[in-house]
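The lines below spell out each chain.
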Amino acid sequence: MLEAQSRLFTDGYLVADLKPGTYAFQSFSRQDSWILCFNENSLHFTIKPGELLYLGEMNSEKHVRELETLAISTGRTRTRKSEPINFFDGVSTPDLSPVDDAELVAVAAMVKAKMPKTTVAPKAAEFGPARFEPASDPLGVARICGGYHKKWTQPKTDTEP
């Protein structure tokens, strides 16, 4: 799981070194207490060895509004003992802006300036729909978005709803 920590940002871009493989967006959280779980409406992407992918910009304002709406409409505006509140039902798909050529040029310039040993050009990630099973807490009592997963990312097929 990759979190948007300040140490991972370079010139406004979240930069992470990922192992080759397929990844999915798990969740969006606010103050680590309110969590949108993308389990039914996630997106996946695959990164191959030696690739430099640009995912685009996430519309975090939309997801913050969605969290606020869910918290208020369900009366779950306060946490108990700092336990996170997970929302699973009716959560939208991760909202990422489409990547255009100008953005790829800007990303390439940042990579050249900040990562001079990188020799590959960035390319836009290709996304597909994905879903995963929610997890349970260590006691197996509560359903949570992250933690002890039984099954991880499973891309939807074209025939699934």
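Given the structure is predicted, the values throughout are model-derived calculations rather than measurements.

Thresholds applied
- Residues numbered from 1 in each chain as written.
- Predicted model: local features only at pLDDT ≥ 70, side-chain atom pairs only at ≥ 80, totals over all residues.
- Heavy atoms only, no water.
- Phe/Tyr/Trp six-rings, centres within 6.5 Å; stacked < 30°, edge-to-face > 60°.
- Helix = DSSP H or I, 4+ residues; strand = E, 2+ residues; numbered from the N terminus.
- Buried < 20%, exposed > 50% of the residue type's maximum accessible area, 1.4 Å probe, protein only.
- Lys NZ or Arg CZ within 6 Å of the ring centre and 35° of its normal.
- Disulfide = S-S within 2.5 Å.
- Pairing = 2+ DSSP bridges.

Engineer: Tell me about the packing of aromatic side chains, and please be specific about residues and values.
Structural biologist: Evaluation of the coordinates by the stated rule reveals five aromatic pairs. Seen from their ring centres, F25 and F45 are 6.3 Å apart, and the 55° between their planes marks the pair as tilted. Remark: F45 occurs in strand 6 (residues 42-47) and F25 occurs in the loop between strand 3 (21-24) and strand 4 (27-30); sequence separation between them is 20 residues. With respect to class, F25 is no different from F45; both count as buried. Ring centres of F25 and F127 lie 6.1 Å apart, and the angle between their planes is 50°; on these two criteria the pair is classed as tilted. Placement of F25 in the loop between strand 3 and strand 4 and of F127 in the loop between strand 9 (123-124) and strand 10 (128-131) is noted, with a sequence separation of 102 residues between them. On the basis of relative accessible area, F127 is assigned to the partly exposed category, the value being 33%. Taken together, the ring pairs connect Y23, F25, F45 and F127 into an aromatic cluster. Its end group placed over the ring of F87, R76 keeps NZ or CZ at 5.1 Å from the ring centre.

Engineer: Just give me the short version of the state of the cysteines, but keep the residues and values in it.
Structural biologist: Linking two cysteines covalently via their sulfur atoms produces the bond known as a disulfide. Using the criterion set out here, one finds one disulfide in the structure. Disulfide pairing places C37 opposite C145 at an S-S distance of 2.2 Å. Across the S-S bond linking C37 and C145, the dihedral sits near 75°, which makes this disulfide right-handed. With C37 in strand 5 (residues 34-37) and C145 in the loop between strand 12 (143-144) and strand 13 (154-155), the pair connects residues that are 108 residues apart, well separated along the chain. Here C37 falls in the buried class, since its relative accessible area comes to 1%.

Engineer: Could you give me a rundown of the pairing of strand 10, with the residues and numbers involved?
Structural biologist: A regular strand carries its side chains on alternate faces of the sheet. Side-chain alternation along strand 10 places G128 and A130 on a buried face and P129 and R131 on a face that remains uncovered. For strand 6 and strand 10, the ladder comprises three bridges, and the chain directions are antiparallel. Across the sheet, the residue bridging to S42 is A130, located in strand 10.

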